[in-house]
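Residues per chain, in single letters:
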Amino acid sequence: MAGSIQDTFFEECEELLEAMDEGLTAIEGGDHDPEVVNAVFRAVHSIKGGAGAFGLDELVAFAHKFETVFDEVRANRLQLDTKLIQLLLRCSDHLSDLVATSRDGGSVDEAHNDVLVSALEEYIDEEEEEVVFQPMGLGGAFEMAAIEVEQERVYTIRFHPLKDMYGTGNEPYFLFQTLADLGTLEVTLDESELPGFDALDTDESYLIWALTLTTTEPKSAIESVFEFVEGLCELSIDSDMDEEDDANALAALEAAFGAAPEEGGDQVTAPFEPPVSAPEPEAVEAPVAAKAAAPKAEAAKSEQRGPNPTLRVDLERVDRLINAVGELIINHSMLAQQIANLDVADLRDVETELEGFKNLARDIQEGVMSIRAQPVKPLFQRMARIVREASSATGKTAKLITEGEGTEVDKTVIERLSDPLTHILRNAVDHGIEKPEDREAAGKTKSGEIRLSASHRSGSVCIEIKDDGAGVNRPRVKQIAIDKGLIPENADLSDSEIDNLLFLPGFSTAKEISNLSGRGVGMDVVKNAVTALGGRINIASTPGKGSVFTIILPLTLAVMDGMVVSVADQTMVVPITSIVETMRGSDDMVNNLGADGTLLSIRGNFVPVCDVGGALGLSKADQDQPPGVYLLVETETGQRSALAVDDIHDQRQVVIKSLDGVCGNIPGVAAATILGDGKIAMILDPESILAASPSAAAFDTERRISNAIAS
């Protein structure tokens, strides 16, 4: 049971860390709204409270320092300047590491931890952090007044969690554990509101807790325990000492400062001067009153809005549901095929009902897929840390700007996209962004800018990484590729082809080995990861202006829209996202190129033709009559080519079945699917098919020769 509760805590930590990163990013951007500051404080406070319940001492100790500094910020005793903001960002990264270490095991970087703690302590007034009353020789009157102020109080707390509190994953157990750390706690369950079984609503919250806490802590300390569930519960806190008692105690303390005799000395006639660092009573009361008013306003807002109810479900269960929906779609296709084969005169009613079944199945499929769809915001927030770390390691200054954070992508795609994005961003800082002095010499700002954006485009997800750095040094890139034997010395390459040399295995422009680069693991890792996701990546660069990496990915890895075609008596599927247009050609559109190549004339332009059957070894590539049906597709480099097939049947949604572990890697084939007649159809990979096309190679050679003659 304890393990289950601890797992829940770490799941909540992920959400709290995301909220913290979001708030700090907003603060870094200039948004110093008290609501944003309070949100970050609550996140750190919640992590500390939960960590304390499980005895995670290192996490608690660091979170306490972090929280204390932020408490100074929200009380307007610290100004959020650039130095402090950068420190808070570094502390946020370290807090994430501590949470991960507490969850997964491992050791903490003690040196880094000590450096950050020391930096935080520079902003903490120890006298304010730990209020210690010292008699300072003023006699028994002062000591009695101090004891009166710090004497134990008994608080009576009525705590009624609302159903929305459970919906956010909060547990009363953690709150009670934190209260118990303040003193002696007695907990009594009040189940008087619990109705009979027949009238019980499982979505409602009926249980109420009556708590009695004996402690020397002030009421504000108890309120802070419940601060992060404001608006999610009904709460009342009563004390056996009221404000008048506190005022009397404070008056007695002030009298002691002014009138108590020194030990063994004469009566002190002059009033005692408090230390300079001690705040005046008026200076304390104002922020305290403001702090007390702020939670009430926040609670009112929370009651008006209310959190969206959520439900945590094991991902494996969602996967099983998605697989079941996929089988439902296949079953519908089979049923439609069987009905179409029936020799019945009038099938209009059956076809109408079947169409309704189809629409319902699609609605279910879209609903199930939306469960797995998640915004890219958490992923983008993690990338901000990558840019900060890379900037620090290279001595450069770079800022990450994100756009389209609400774009939703399949959870599996997001998880597998983290490594490629990390590599691209490190590469942008290490090789793209110039040093501050070089940027100034080029008329740019000292700080580089990297823009990370996401959007939906034509049924796919487009992720773009754009920097304002120096761009690709094409002569140097080409020479390095020649020196490494990746291309022949006399190779004549276009600008786009030189840019794409970065994706070759083993290519690296780093002169020295560092933490970021120089080990021969280049951008080919990125390309392989994107290709494994069924996507493609392209690079465009302008010298002196910067580079743009564009990643095109499918919305999901479970289903896709495809064009069903025939190739050498085989039924196959081509992903619709790679198809620009379809056409039926004629003899006057076909032109021979060399011994094996064929070009297709389309509106005054020529594109190379690839016979799909020949590329897959299903038919000879030198047939006398080339196929008359073409799919015009676009490659990663923006070049267009025509896939020649025997016939086009229709466009339909198909369920993707991976071939990994079954058939291994098949050139030209990305995956498989099951059609309505129960047959298996291959899902083609246009990129790899075109790579083996003799027409494309011949056309590329002729184009380079033409360019050389023209120049």
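Residues numbered from 1 in each chain as written. Predicted model: local features only at pLDDT ≥ 70, side-chain atom pairs only at ≥ 80, totals over all residues. Heavy atoms only, no water.

Novice: So what's going on with the sheet that holds strand E10 (residues 536-542)? Residues and values would help.
Specialist: In any sheet, the strands associate via hydrogen bonds between backbone groups, in a parallel or an antiparallel arrangement. Spatially, E6-E8-E9-E11-E10 is the arrangement adopted by the five strands of the open sheet, whose pairing is mixed. The open sheet is flanked by strand E6 (398-403) and E10, the only strands paired with a single partner. Looking at each pair of strands side by side, their axes are set apart by 15° on average, direction ignored. By the bridge criterion, eight bridges tie strand E8 (residues 448-457) to strand E9 (residues 460-467) in an arrangement that is antiparallel. Along E9, the bridge assignment pairs Ser453 with Glu464. (Pairing = 2+ DSSP bridges. Helix = DSSP H or I, 4+ residues; strand = E, 2+ residues; numbered from the N terminus. Axes fitted to C-alpha atoms, helices over the stretch in contact; angles between N-to-C directions.)

Novice: How would you summarise helix H20 (residues 524-532) if you had to cite specific residues and measurements?
Specialist: For H20, the complete set of buried residues consists of Asp524, Val526 and Val530. Projected down its long axis, H20 shows its buried positions confined to an angular sector of 155°, all on one face. Looking one or two residues past H20, Gly534 carries a phi angle of roughly 80°, positive in sign. (Buried < 20%, exposed > 50% of the residue type's maximum accessible area, 1.4 Å probe, protein only. Arc of directions from axis to C-beta.)

Novice: Could you give an account of the sheet that holds strand E22 (residues 680-684), with specific residues and numbers?
Specialist: As summarised here, the arrangement of the five strands in space is E20-E12-E13-E22-E21, forming an open sheet in which the pairing is mixed. The sheet terminates laterally at strand E20 (647-655) and strand E21 (669-674), the two strands that pair on one side only. Each neighbouring strand pair of the sheet contributes to a mean axis angle of 35°, computed without reference to strand direction. The pairing of strand E12 (residues 559-567) with strand E13 (residues 570-575) spans six bridges and is classified as antiparallel. Residue pairing across strands places Val564 opposite Val573, the latter belonging to E13. Set on the sheet, helix H13 (residues 315-340) makes contact with E20 and E21; between it and E20 the angle comes to about 145°. (Contact = heavy atoms within 4.5 Å.)

Novice: Any details on empty space enclosed by the protein? Residues and values, ideally.
Specialist: A complete count under the given rule lists one cavity of 30 Å³ or more for this structure. Looking at the largest cavity, its volume works out to about 50 Å³. Forming the boundary of the largest cavity are Ile329, Ile330, Ser333, Arg652, Gln653, Val654, Val655, Ile674, Leu675 and Gly676. If you list the elements that add at least two residues to the lining of the largest cavity, you get H13 and E20. It is E20 that contributes the most residues to the lining of the largest cavity, four residues altogether. Split by residue class, the lining of the largest cavity holds six nonpolar, three polar and one charged. (1 Å grid on protein atoms, 1.4 Å probe; cavity = no way out; pocket = protein on both sides within 12 Å on 5 of 7 lines; lining within 4 Å. Points joined across faces, edges and corners; volume = space filled by probe spheres on them. Nonpolar A, V, L, I, M, F, W, Y, C, P; charged D, E, K, R; others polar.)

Novice: Would you mind going over the pattern of salt bridges in detail, with residue names and values included?
Specialist: In the structure shown here, the tally under the stated rule is 24 salt bridges. Arg74 serves as the salt-bridge partner of Asp71, at 2.9 Å between the closest nitrogen and oxygen. On the criterion of helical spacing, the pair formed by Asp71 and Arg74 is a turn pair, its members being three residues apart in helix H3 (residues 57-74). Given the relative accessible area of 18%, Arg74 is considered buried. A salt bridge links Arg158 to Glu234, with the nearest nitrogen and oxygen atoms 3.9 Å apart. Pair noted here: Arg158 is in strand E1 (residues 153-161) and Glu234 is in strand E4 (residues 233-239), with a separation of 76 residues, a long-range link. For Glu234, a relative accessible area of 40% translates into the label partly exposed. (Salt bridge = Lys/Arg side-chain N within 4 Å of Asp/Glu carboxyl O.)

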